[in-house]
Structures are given as C-alpha cells and as structure tokens.
Amino acid sequence: MVVVHTQPSTSEVKHKKNRRKIAKKPARIAPAEGAEEHGMDETSPSAGEQSEDVPSQQQEGWDEGDDEVMIDTDPSAPSQSAAPAFPPLPASAQRSTLKSEIRRIPIPPHRITPLKKDWVNIFSPLTEMLQLQVRMNVQRKSVEIRTSKHTKDVGAIQKGADFVKAYALGFDVNDSIALLRLDDLYLDSFEIKDVKTLHGDHLSRAIGRIAGQDGKTKFTIENASRTRIVLADTKIHILGSFQNIKIARDAIVSLILGSPPGKVYAGLRTVSARMRQRAL
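So, a few notes on the structure that sits alongside this text.

Rules and cut-offs
- Residues numbered from 1 in each chain as written.
- Predicted model: local features only at pLDDT ≥ 70, side-chain atom pairs only at ≥ 80, totals over all residues.
- Heavy atoms only, no water.
- Helix = DSSP H or I, 4+ residues; strand = E, 2+ residues; numbered from the N terminus.
- 1 Å grid on protein atoms, 1.4 Å probe; cavity = no way out; pocket = protein on both sides within 12 Å on 5 of 7 lines; lining within 4 Å.
- Points joined across faces, edges and corners; volume = space filled by probe spheres on them.
- Nonpolar A, V, L, I, M, F, W, Y, C, P; charged D, E, K, R; others polar.
- Axes fitted to C-alpha atoms, helices over the stretch in contact; angles between N-to-C directions.
- Parallel < 35°, antiparallel > 145°, perpendicular 65-115°, else oblique.
- Contact = heavy atoms within 4.5 Å.
- Polar contact = N/O pair within 3.5 Å; in protein donor to acceptor, adjacent residues only side chain to side chain.
- Phe/Tyr/Trp six-rings, centres within 6.5 Å; stacked < 30°, edge-to-face > 60°.
- Buried < 20%, exposed > 50% of the residue type's maximum accessible area, 1.4 Å probe, protein only.
- Lys NZ or Arg CZ within 6 Å of the ring centre and 35° of its normal.

On the secondary structure map, aspartate 250 appears in helix α13 (residues 242-256). Each C-alpha atom, one on aspartate 250 and one on valine 264, is 9.4 Å from the other, the two residues being 14 residues apart in sequence.

All right, on to empty space enclosed by the protein then. If you roll a probe as big as a water molecule over the atoms, it shows you where there is empty space left. Counted by the stated rule, this structure contains one cavity of 30 Å³ or more. The space that makes up the largest cavity amounts to roughly 60 Å³. Along the walls of the largest cavity sit Ile107, Ile112, Leu115, Lys116, Met136, Asn137, Val138, Lys141 and Ser142, which together make up its complete lining. Considering each element in turn, the lining of the largest cavity owes the most residues, three residues, to helix α5 (residues 112-117). Split into classes, the residues belonging to the lining of the largest cavity amount to five nonpolar, two polar and two charged.

To continue, consider the packing of helix α11 (residues 201-211) against helix α12 (residues 216-225). Two quantities define a packed helix pair, namely the angle between the helix axes and the distance between the axes. Following both chains from N to C, one finds α11 and α12 inclined at 50°, their axes separated by 5 Å at the closest point. Classified by the angle their axes make, α11 and α12 are oblique. Across from Arg209, Ile210 and Ala211 in α11, the residues of α12 making contact are Lys216, Thr217 and Lys218. When the residues that make up the contact of α11 with α12 are grouped by side-chain class, the tally is two nonpolar, one polar and three charged.

Among the secondary structure elements, arginine 104 is positioned in strand β3 (residues 102-106). Between the C-alpha atoms of arginine 104 and arginine 146, which are 42 residues apart in sequence, the distance is 8.9 Å. Ignoring sequence-local partners within four residues, the contact set of arginine 104 consists of Arg140, Ser142, Val143 and Glu144. At 3.0 Å, the side chain of arginine 104 and the side chain of glutamate 144 are in polar contact.

With that out of the way, let us pick up the packing of aromatic side chains. Under the criterion given, the structure shown has one aromatic pair. Consider the rings of tryptophan 119 and phenylalanine 123, whose centres lie 5.9 Å apart with planes at 35°: the pair is tilted. Taken together, the positions of tryptophan 119 and phenylalanine 123, both in helix α6 (residues 119-128) and four residues apart, correspond to about one turn of that helix. Taking the relative accessible area as the measure of exposure, tryptophan 119 reaches 18% and is therefore buried. The residue whose ring lies beneath arginine 111 is tyrosine 167, and the NZ or CZ to ring-centre distance is 4.5 Å.

See the structure below:
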C-alpha cells in the first residue's frame, strides 16, 4: 500500500478580509481540499507543516499574537458600526394626539356654597381659555375636568386643576385665574405646627400675630411680597412666584416664632426696596 502525501497549494489559501480579536483562542487552519478528495484525513499535514506554506504576510500577522483570527465577512452586508438613518417625521405625525384625561378636585364643605355662586366665573375660563370640559359633581362634592379633542395644550388639564384647587383652598376667583394666565405661579401650603408646636392660647396668639388687627399684617405681607395669603385655621396657603413665596413664608415664620410685627415690617421694607432696585 502506497501512501501519497499531498501538500496544500498556496493558491488555494483564501485571503481574509477582516480581523477580529478573540481573547486566548489559537488560530485554526482549514484542511486542504486535496486531502478531502482522496480520503486521506488521517495523513493530513500537521499545523506546523501547513504554516510553512502560508503566505509570509499572514504568517507575520499571526506571529504578532495568538489572539488575532482572520474571519471572512460578506462585503454586501451593512456595516454594524454605521448609525441608522431614519427619514424625518411628517408634520402630521409630530402633532401628538392627547388622550382623554380626567381630574377630580375635591371641594371642602364650606366652599360648596361659594362655588355655586361663582360657578359661571369658574367654568368660563376653563372652557374658553383651556378648551376643557367641566362639570360639578354634587354627590361627590367635587369638580371634574376632562380634556377634549379641542384641547391643544398638553398641560391644560394641570393648569385647570391648579385653578380649581386654588379656589377650593379659599383664594378669590380673580386671584386664581392668574394661575391660568401666568406660568411661574405656584401654590404653597403649610401648617403652624410645621414651624413650631403650639397649643391653646399660644396657638391663638400666633394666628393673631399673622393676621394682625383687622388683617393689617396679612395685607402688608401680601403687598410687600406680591403674593396672596389665606389663613384657614392653622393652615396657611400662599399663592405667588417662587421667590415671592419665600419672602412671604419667611415673614410668616418669624411671626410664628414670636417676632414683633414692627421688626417684620422693617424686614419687609428692606426686601421690597431690593425688589424695586432689581426691577429697575
């Protein structure tokens, strides 16, 4: 029996196109096609003999490190590193369709009668300015607002909820409408016990210091800080911009802690003078 050794020809070695690094994996060389035709798998040349016939360029690349392996890639396949390109959206798709949202604002019992009297002044700006649907639910003692197909602003329902909530807290209708017309107005609420724990006559005197004689102190704080204040028993609600709310809250906290009204007035005069200078 004669064993014929075949050597792989250098012309059959395919030139690889791309290189990818695979950590700690030795390079593999496909067996020659001539050996498969004669069924001589057992007598195929070793890896050392095959590496002698590989072109010098590939051999130099493999000598640099064992972590590099040549892998064929299809040139017609798209590149993975290229960012996907999407066509621009049409104008009709950019208009977001609003889903129907519903908000229910509870009304305290002592504000239901004023709500019925001012109902025309309440639902008119909600329907005309914000294009919302409004109804009064007498059984649940709440006001329900809902978006419609005519509603254009995404935050319209939130503005409407803030408007109704401000009225439910005790603010006047004309003051509450400012929440719909201006974007930088907020509501801030806190209790006297959040500042200092008071009981009995001490609590009553603190409320009296905030209100003042005939409401003089409260009006002075409102005019100096350009805010609106509601005293509801031990709860205090402030309507205004962020900076103005801070000024009014600091004055009220000083009164709760026991500062005399005269000292608070002096501080408000200083703050109002600074505000006028900044306005100029």
